[in-house]
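# Descriptive analysis of the structure
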Amino acid sequence: GESVGLHLPTLSVQEGDNSIINCAYSNSASDYFIWYKQESGKGPQFIIDIRSNMDKRQGQRVTVLLNKTVKHLSLQIAATQPGDSAVYFCASSKGAALIFGKGTTLSVSS
Amino acid sequence: NAGVTQTPKFRILKIGQSMTLQCAQDMNHNYMYWYRQDPGMGLKLIYYSVGAGITDKGEVPNGYNVSRSTTEDFPLRLELAAPSQTSVYFCASSLGQASRKQPQHFGDGTRLSIL
């Protein structure tokens, strides 16, 4: 069936380091991918998206990379800050809906 | 704009009771969605709507009902609450569907416990 998974459930980094969060998807027909950040007690917050006709997209301190050959997606966060501590989800498109992975918990220590 | 507003934030129900989770958005979005999130898991789609008067089932629709009488509101109804429905429920909206590269915007959730 359809699935979107993340390679690691948790990631711990030091403040100032770069963070890389990975995601694998199974539906080769997916043409749109989103990364969300979810803080405790809050709903998912949109971070960045990428279309399947792109390999890379950059935002403010974040970069998303898409490798369609191996169906892999990654989120890179530069100069990670304590405020980046949260659960990160990738999601891929399936028609009108999105399919979400289980999430990676990013912990940033000072 | 308030974005997506969900009420209540918390609720405890007894088995067999019914309730309606409210969701409203003020972004004039056509698409609205209901997800549930179980501990340590991603979000699973319950129902969605592509516009007023149109709804469709998602991955886990059993035990739930929805209606969409206006563009702004998309309530989720639990008729006979069961312990398996203990979860956090998120409502989301988007201007268009995911296949048209439109991100979904989420509310802060309703935490529902059924005892």
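See above for the structure.
Presented here is a report on the structure given in the accompanying data block. Treat the numbers as computed from the prediction; the structure is a model and nothing was measured.

### A word on the overall build of chain B
- When helices and strands are tallied, chain B shows zero helices and 11 strands.
- Each helix (α) and strand (β) of chain B, taken in turn from the N terminus, gives the series β-β-β-β-β-β-β-β-β-β-β.
- Scaling as 2.2 N^0.38, a compact globule of 115 residues should have a C-alpha radius of gyration of about 13 Å, and chain B matches this with 13 Å.
- Across its three principal directions, the C-alpha atoms of chain B cover 40 × 30 × 25 Å.
- For chain B, buried positions account for 47% of its 115 residues.
- Taking as baseline every contact in chain B between residues at least 6 positions apart, the subset at least 24 positions apart corresponds to 55%.
- Surface summary for chain B: the accessible area is close to 5,400 Å², and the carbon and sulfur share equals 50%.

### Remarks on the state of the cysteines
- Taken as a whole and judged by the stated rule, the model has two disulfides over all chains.
- Sulfur-sulfur distance for the disulfide between C23 of chain A and C90 of chain A comes to 1.8 Å. Disulfide C23 of chain A-C90 of chain A: the torsion about the S-S bond is 50 degrees, which places it as right-handed. Taken as a pair, C23 of chain A in strand β3 (residues 19–25) and C90 of chain A in strand β9 (residues 86–94) lie far apart in primary sequence, 67 residues in all.
- By relative accessible area, C90 of chain A is classed as buried at 0%.
- Covalent S-S linkage joins C23 of chain B and C91 of chain B, the inter-sulfur distance amounting to 1.8 Å. Its S-S torsion of approximately -75 degrees makes the covalent link between C23 of chain B and C91 of chain B left-handed. Separated by 68 residues along the polypeptide, C23 of chain B in strand β3 (residues 19–25) and C91 of chain B in strand β9 (residues 87–94) bring together distant segments of the chain. The exposure classification of C23 of chain B matches that of C91 of chain B, with both residues buried.

Here is what the cut-offs are and how they apply
Residues numbered from 1 in each chain as written. Chains lettered and ligands numbered in written order. Predicted model: local features only at pLDDT ≥ 70, side-chain atom pairs only at ≥ 80, totals over all residues. Heavy atoms only, no water. Helix = DSSP H or I, 4+ residues; strand = E, 2+ residues; numbered from the N terminus. Rg over C-alpha atoms; globule rule 2.2 N^0.38 Å. Buried < 20%, exposed > 50% of the residue type's maximum accessible area, 1.4 Å probe, protein only. Contact = heavy atoms within 4.5 Å. Areas by Shrake-Rupley, 256 points an atom, 1.4 Å probe, with all protein chains shown as cover. Disulfide = S-S within 2.5 Å.

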